[in-house]
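Observations on chain architecture
In case you want the letters, here they are:
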Amino acid sequence: MAGERTPLLANGNGNGNGTSNNNGYAAAAAAAAATDPSAGQVKAAPAAVSHTAFSVANRILLAGFLMAFTLGITQVPIVYVFRLMECDIFYKHNPPFSGPVEDRCYRRAIDAGTALQFSILGMSTSLSGVLNLFVCGYFIKLWGPRWSFVSQTSLIGLRVSTQIIGVAVGGRAGELIFQICQAIGIIGGPRGYQLVLNTAVGEAVAAKDRTACFGRLQGAIMLGTAFGYLLGGVLGDIYGIRRPFEVAFFLYVLSTIYGAIFLPNKTVVSGSSAQKRSSRGLDSFFAPLKIIVPRKYRLASGNVVKNYGLVFLAVGIFLGVFASGYAPLLLQMYATSEFHFNTTENGYLMFGISSIRGLFLLFLFPKIITAGRAFFNGKTTQPQDENTERQLVNGEVTPACPEDMGTAGAGGGGGEEEIEEEEALLQRGPEHERNEEEEEDTGTGFDLMFVRWSMAIDALVTLLAGFSSAAWQVYLAGILLPFASGSAPAAKGVMTELCPPHQRPDAISAITVVESAAMLVTQGLFGLIFAAFSEIGKPNLTFFCNAGIAVLGFMVLSLARLPPVDSKRVDDDEIQAEGGETQAGST
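Note that the structure is a prediction, hence the values are computed from the model and not measured. (Residues numbered from 1 in each chain as written. Predicted model: local features only at pLDDT ≥ 70, side-chain atom pairs only at ≥ 80, totals over all residues. Heavy atoms only, no water.)

1. A closer look at the overall build of the protein
Scanning the protein from terminus to terminus reveals 21 helices and six strands. Taken over 587 residues, the protein has a buried fraction of 56%. Considering only intrachain contacts with a sequence separation of at least 6, the fraction spanning at least 24 residues in the protein is 84%. Total accessible area on the protein stands at roughly 23,200 Å², and carbon and sulfur atoms take up 63% of it. (Helix = DSSP H or I, 4+ residues; strand = E, 2+ residues; numbered from the N terminus. Buried < 20%, exposed > 50% of the residue type's maximum accessible area, 1.4 Å probe, protein only. Contact = heavy atoms within 4.5 Å. Areas by Shrake-Rupley, 256 points an atom, 1.4 Å probe, with all protein chains shown as cover.)

Structure representation (structure tokens):
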């Protein structure tokens, strides 16, 4: 990415049939030369790539870390705040507590009430998040990543300001303020900012690196969440339960300013003719819903078949998130109820889960994907020549992966150079846009297998967590759970590979909508289940329900299949133009 924007560069001019072509570098050079005669001569790559600490990709990753850190500061205190408010409500209608003050709120009725009210909060948050994805996706098409990000961060800050009021009011009124004001998240919320960052990174990464880079972004977000959990718990214990919300509000203001200054303003895909044609009206608003449908592929024989891989992938991910999405919160509530964890201990627990997950996604996940694809495809991993690792954009050598972005050109490029390259990229007409039927990466098969077995591991760990009978076992479950966390970025990689390039933002929106809908269901249903089991003194049975649903998700994902080898994706319009379809079955 020499400058603000980089197109989604492939390693070849693929035809959508899963075969590879090694002429990507030359094709990119030709396209650059056709656009700008002065760019026809390839500039020599430097002997060693100098990684700039503030490249465009790193700015995106830092934005994800900063937002997740800020959001995480309030997550542990919110659970404790609801417990305190429910405790006050309980003793308004019951005799005063006469035992030690530290045991005042440890009652089964209070546990059940906290779980119920927090589930209502979770459902309102998730419902707002689902709607927010449609709104934010539309914002991205209209405004680009920078101002879409600013709209999300500023409104999340407004929501936190209402939570400060809720903490001050307390009781049932305080709970209602928390729950009702989550509706602000319909226009601007956490799901929206993650969609913005995933879209910005997803459009700037070559096909072979896209899945790993989704994982890195998710890892940065998880690390931010981890440190936010830790700081939030400590702030709540030392300075009072209101202070974390005040600090979060201040950091949201800083995040908004950061996004307005440092994030890229537009993307190449958003400037493409195909995207412009699809970015108008209500049809664009609901475009993500049209992604998860069976796709038609033409076989080498000429027959056309339907592939249901996207449908089974979406259903499997829904069941997986439905099963495991409640697990971190369940561990926190279970530890609070059974082992009397306070905000600091819960902060340590959530810090451990999120930091291990972040480190896994940042460092181990990309290596697993790379090695797994090489093994899955029957290849040996070989170091590639430096010139084939990078792609050419407007005569500048540009790395294919985010951590190398912004290093091409003279010293990373100045503001004037960035503007010139942005204009050059956006001025490229349809004749220079990549073939819409871009090459599907041959490693997608391993990505799909990885999604399946991640879910199986998650089911096993969740099942074992249900047998926890000591505090250290809860921490152990928190350490093991993150190692099954690669299913989300791997699913995004599969989803984007099965869609045309101009539909990739909608594909990312679609898989995120599925995850958000699953979170809505799991926080509502499993919150009620946990409350019911808490009433009978068996809250650990909720873990077994989670594990059972995860097994079902694994079974559904086993039905997902990639398109047949040597097939080519076709649209209904193409089939009708050819005078009909020769149906050969389904895959």
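2. Details of the pairing of strand β2 (residues 304-307)
Across a regular strand the side chains alternate sides, sitting on one face of the sheet and then on the other. As defined by bridge partners, strand β1 (residues 295-298) adjoins β2 across four bridges and the pair is classed as antiparallel. Within β2, the residue paired with K296 across the bridge is K306. In this structure, the hairpin formed by β1 and β2 is closed by a connection of five residues, where G302 is found at a positive phi of approximately 100 degrees. (Pairing = 2+ DSSP bridges.)

3. Some points on the pattern of salt bridges
In this structure the tally under the stated criterion is nine salt bridges. In this structure, the salt-bridge partner of D506 is K141, at a minimum N-O distance of 3.1 Å. Pair noted here: D506 is in helix α19 (residues 504-535) and K141 is in helix α3 (residues 108-143), with a separation of 365 residues, a long-range link. For the pair shown, D506 and K141 are each scored as buried. A salt bridge links E515 to K492; the nearest nitrogen and oxygen atoms lie 3.7 Å apart. In this pair, E515 is assigned in helix α19 and K492 in helix α18 (residues 487-497), connecting sequence segments 23 residues apart. Side by side, E515 and K492 carry an identical accessibility label, which is buried. Where salt bridges share partners, they join E86, R172 and E175 into one cluster. (Salt bridge = Lys/Arg side-chain N within 4 Å of Asp/Glu carboxyl O.)

4. Quick notes on the state of the cysteines
On inspection of all chains with the given rule, the structure shows one disulfide. Paired by a disulfide, C87 and C105 hold their sulfur atoms 2.3 Å apart. Here the disulfide of C87 and C105 is left-handed, its torsion about the S-S bond being about -95 degrees. Taken together, the positions of C87 in helix α2 (residues 56-92) and C105 in the loop between α2 and α3 put the pair 18 residues apart, joining distant regions of the chain. C105 matches C87 in its accessibility class, with the two residues each being buried. (Disulfide = S-S within 2.5 Å.)

Interpretation note: all reported values are geometric properties and have no functional meaning in isolation.
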